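Here are the chains, one letter per residue:
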Amino acid sequence: MAAPNFRAPKGTRDIFPPESTRLRALIDEFAVVAARSGFGEVISPIFEDLGVFRRLGESTDVVTKEMFDFFDKGTPPQRLALRPELTASICRAYAEHRPVPPWKVWYEGPQFRYEQPQAGRYRQFTQVGVEVLGTDDPQADVDVIVLAAGFFESLGLRQVELALNSLGSSGHQGSRVAYEQALRSYLVAHANDLSAQSQVTLERNPLRVLDSKRSQDREVIAGAPVMVDYLDAESAAHFSAVRAGLEAVGVAYEISPRLVRGLDYYTRTTFEFAAPGLTGAQNAVGGGGRFDGLVEALGGPATAGIGFALGVDRILLACDAEGVFDTPFCGVDVFVVDVTGGTEALKVCTDLRQAGIAADRGYGGRSMKAQMKLANRSGADFAVIIGEDELRSGEVTLRHLGDGTQQRVARAALVNQLGKKRAL
Ligand code: HAM
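All values reported here derive from a predicted model rather than from experimental measurement.

1. Points about the sheet that holds strand E9 (residues 267-274)
Inference 1: Taken together, the eight strands give an open sheet; going across it, the order is E1-E5-E6-E11-E10-E9-E7-E8, and neighbouring strands pair in mixed fashion. Where the open sheet ends on each side, the last strands, each with one partner, are strand E1 (40-41) and strand E8 (254-255).
Inference 2: In the sheet, E9 pairs with strand E10 (residues 284-290) via six bridges, with the strands oriented antiparallel. Across the sheet, the residue bridging to Phe 271 is Gly 288, located in E10.
Inference 3: In this fold helix H12 (residues 312-322) packs onto strand E6 (124-133), E10 and strand E11 (305-311), with an angle of close to 55° to the strand it touches most, E11.

2. Observations concerning the domain arrangement of the chain
Inference 1: In terms of domain boundaries, the chain breaks down into domain 1 (19-169 + 232-322), domain 2 (175-227) and domain 3 (334-423).
Inference 2: In this structure, domain 1 and domain 3 have C-alpha centres spaced 48 Å apart.

3. Side note on the site of the ligand
Inference 1: Taken together, the neighbourhood of the ligand is formed by 27 residues, with Glu 85, Thr 87, Glu 115, Glu 131 and Tyr 266 sitting nearest.
Inference 2: Within the backbone of Tyr 122, one N or O atom sits 2.8 Å away from a nitrogen atom of the ligand.
Inference 3: Here an oxygen atom of the ligand sits 3.1 Å away from a polar atom, N or O, in the side chain of Gln 127.
Inference 4: Taken by itself the ligand offers 660 Å² of open surface, and the protein chains cover 95% of this.
Inference 5: Put simply, the parts of the chain that give the shell around the ligand at least two residues each are E6, E10 and E11.
Inference 6: Looking at the shell around the ligand, the element that brings in the most residues is E10, giving six residues.
Inference 7: The residue inventory of the shell around the ligand, partitioned by class, reads 11 nonpolar, nine polar and seven charged.

4. A few points about the sheet that holds strand E2 (residues 47-49)
Inference 1: Pairing is antiparallel across the open sheet formed by three strands, whose spatial order is E2-E4-E3. Of all strands in the sheet, those bounded by a partner on one side alone are E2 and strand E3 (69-71). The mean angle between the axes of side-by-side strands here comes to 35°, regardless of whether they run parallel or antiparallel.
Inference 2: As paired elements, E3 and strand E4 (residues 79-82) share three bridges and run antiparallel to each other. Bridging from a neighbouring strand, Phe 70 pairs with Leu 80 of E4.

5. A few points about a nonpolar patch on the surface
Inference 1: Residues Ile 46, Phe 47 and Phe 70 make up a contiguous nonpolar surface patch of roughly 250 Å² in combined accessible area.
Inference 2: Mapped onto the fold, Ile 46 is located in the loop between E1 and E2.
Inference 3: By relative accessible area, Ile 46 is classed as partly exposed at 36%.

6. Focus: helix H5 (residues 138-155)
Inference 1: Here H5 contains 18 residues, and its C-alpha end-to-end distance of 26 Å stays within 8% of the 26 Å for a straight helix at 1.5 Å per residue.
Inference 2: Among the residues of H5, those classed as buried are Pro 138, Ala 140, Asp 141, Val 142, Val 144, Ile 145, Leu 147, Ala 148, Ala 149, Phe 151, Phe 152 and Leu 155.
Inference 3: Two to three positions downstream of the cap, the backbone nitrogen of Gln 139 sits 2.8 Å from a side-chain oxygen, assigning the N-cap of H5 to Asp 137.
Inference 4: Gly 156, located one to two residues past H5, shows a positive phi value of around 100°.

7. Observations concerning the packing of helix H1 (residues 19-36) against H12
Inference 1: It is the contact of H1 with H12, at a shortest axis distance of 11 Å, that shows an interaxial angle of 105°. By the angle class used here, H1 and H12 are roughly perpendicular. Seen from H1, the contacting residues are Glu 19, Arg 22, Leu 23 and Leu 26; seen from H12, they are Val 312, Ile 315, Leu 316, Cys 319 and Asp 320.
Inference 2: Per-class residue counts for the contact of H1 with H12 are six nonpolar, no polar and three charged.

8. As for the side chain of Thr 60
Inference 1: The topology assignment puts Thr 60 in the loop between helix H2 (50-54) and helix H3 (61-64).
Inference 2: Discounting chain neighbours no more than four positions away, the residues touching Thr 60 are Arg 208, Gly 262, Leu 263 and Asp 264.

9. Some details on helix H4 (residues 87-97)
Inference 1: Extensive coverage of H4 is indicated by the burial of nine of its 11 residues.
Inference 2: Residues of H4 that are buried: Thr 87, Ala 88, Ser 89, Ile 90, Cys 91, Arg 92, Ala 93, Tyr 94 and Ala 95.
Inference 3: Contacts from the buried residues of H4 go to E2, H2, strand E5 (103-112), E6 and helix H11 (294-297).
Inference 4: In the segment just after H4, Arg 98 is the residue with positive phi, at about 45°.

10. A word on the nonpolar core
Inference 1: Counting 90 residues, the largest nonpolar core has Phe 30 and Ile 315 as its most contacted members.
Inference 2: Of the residues forming this core, the biggest block, 10 residues, is contributed by H5.
Inference 3: Split by domain, this core shows at least three residues from each of two domains, domain 1 (19-169 + 232-322) and domain 2 (175-227).
Inference 4: Excluding residues within four positions of it along the chain, Phe 30 makes contact with Trp 106, Tyr 107, Val 128, Gly 129, Val 130, Leu 147, Phe 151, Phe 308 and Leu 310.
Inference 5: In terms of nonpolar packing, the next biggest core, distinct from the first, is built from 16 residues, Ala 345, Cys 349, Leu 398 and Leu 414 among them.

11. Regarding the environment of Arg 261
Inference 1: Summarising the element assignment, Arg 261 is placed in the loop between E8 and E9.
Inference 2: Under the relative-accessibility criterion, Arg 261 is labelled buried at 12%.
Inference 3: Each C-alpha atom of the pair Arg 261 and Val 33 lies 25 Å from the other, and the pair is 228 residues apart in sequence.

12. Quick word on the pattern of salt bridges
Inference 1: Under the definition given, this model contains 21 salt bridges.
Inference 2: Where Glu 344 meets Lys 347, a salt bridge forms, and the shortest distance between an N and an O atom there is 3.4 Å. Here the residue Glu 344 and the residue Lys 347 both occupy positions in helix H13 (residues 343-354), the gap between them amounting to three residues, near one helical turn.
Inference 3: The class for Lys 347 is partly exposed, based on a relative accessible area of 43%.
Inference 4: Each of Asp 389, Arg 392, Glu 395 and Arg 408 takes part in a single network of salt bridges with overlapping partners.

How each quantity is defined
Residues numbered from 1 in each chain as written. Predicted model: local features only at pLDDT ≥ 70, side-chain atom pairs only at ≥ 80, totals over all residues. Heavy atoms only, no water. Pairing = 2+ DSSP bridges. Helix = DSSP H or I, 4+ residues; strand = E, 2+ residues; numbered from the N terminus. Contact = heavy atoms within 4.5 Å. Axes fitted to C-alpha atoms, helices over the stretch in contact; angles between N-to-C directions. Domains from an automatic or database assignment. Near = heavy atom within 4 Å. Polar contact = N/O pair within 3.5 Å; in protein donor to acceptor, adjacent residues only side chain to side chain. Areas by Shrake-Rupley, 256 points an atom, 1.4 Å probe, with all protein chains shown as cover. Nonpolar A, V, L, I, M, F, W, Y, C, P; charged D, E, K, R; others polar. Patch = residues over 30% accessible without salt bridge, like charges linked within 9 Å, V, L, I, M, F, W, Y side chains within 5 Å. Salt bridge = Lys/Arg side-chain N within 4 Å of Asp/Glu carboxyl O. Buried < 20%, exposed > 50% of the residue type's maximum accessible area, 1.4 Å probe, protein only. Expected span 1.5 Å × (residues − 1). Parallel < 35°, antiparallel > 145°, perpendicular 65-115°, else oblique. Core = buried A, V, L, I, M, F, W, Y, C linked by side-chain atoms within 4.5 Å.

Here it is in structure tokens:
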């Protein structure tokens, strides 16, 4: 029987160096930026009870079509799902542990959505994000938006655009009810011009129709009533405070009255970051907003919340498009070539690594020529060469791989000397 020809599952990728090093560097940069604003990292499970994610909205694609769910082996079996995002998990954790508010957390990690893969859209992708739980102060909204904008800037991105909207407050008294009624009446009156899919969506949730990217729906959507005209007094005041805050710190934004976002939990502030360098529908590099009812929906106390998540894979594509955040060098400083059996390479590498100098070596007792080839490929600045002659005299040959110059160095002085050269 022929050996099976396994490949990474559809919509997933193997990420190798140097791209993996770049992805890690981006997450590290986010960690620095988040910590500078007083956020602590939360590491939550990659899977949760499916019910946690149902709260994202029974009419959202994420819940109806894109969940990776499964039963565990318990009795009775529990229905679990790989997380499609982290806001629901963070709210579940808040409801479970009741930390002291305001709770400011950041996170990073893989998310899973059973989507149709295309450029910038994967079934497993990485997000970084923050959430602030336990305050409805509009300045918290401003703080998180400024954090995201500052992060993009720290990567060197200059073209990311911020779209801002308010979805008003939900619940029976909320402004959303009046708006949804107006929107529904309008869409019903224009139903014949909508795509078949949007006609179905309209039955379940008229707001979701505004999310449609289908060209057939564009004209109807363009004429639809907008939420900002229906805001209740408190939501309107909240929205103007957010705008005033952004203006106070000089963060540019565009009001986008039809921005509804793809998840149902949003109230009041919603926003999205787009990278115009990425063509097509996949140019959203991040988004977020308020989710003031989500903790309660997950069994916790009434708790306001605001946050965002950014798509790491797409941000890296945006960096490519703008030619910024270069792929980092991920080789070593020194490559040790040992033609005396390998034990010297072992000892020299250990000493160098202990001194904080990145060192590598070849295996398998290969020829000088073969090992020098590896050294040149390693990206190292220096090769440390050890032959029988060097071994006898207690020395090594230190060769600069760039210009080919070399010198003999006492073995005992090597670490010191390389440390000095590296500092230059
Ligand atoms: P989201 O808009 O669903 O929001 O996702 C945020 C970002 O994740 C998107 O803007 C995009 O960059 C990236 N993303 C989403 N799906 C994919 C995919 N299939 N492939 C690649 N990248 C993707 C949320 O997830 C909310 N939890 C954000 C939030 C936090 N709201 C409040 N707090």
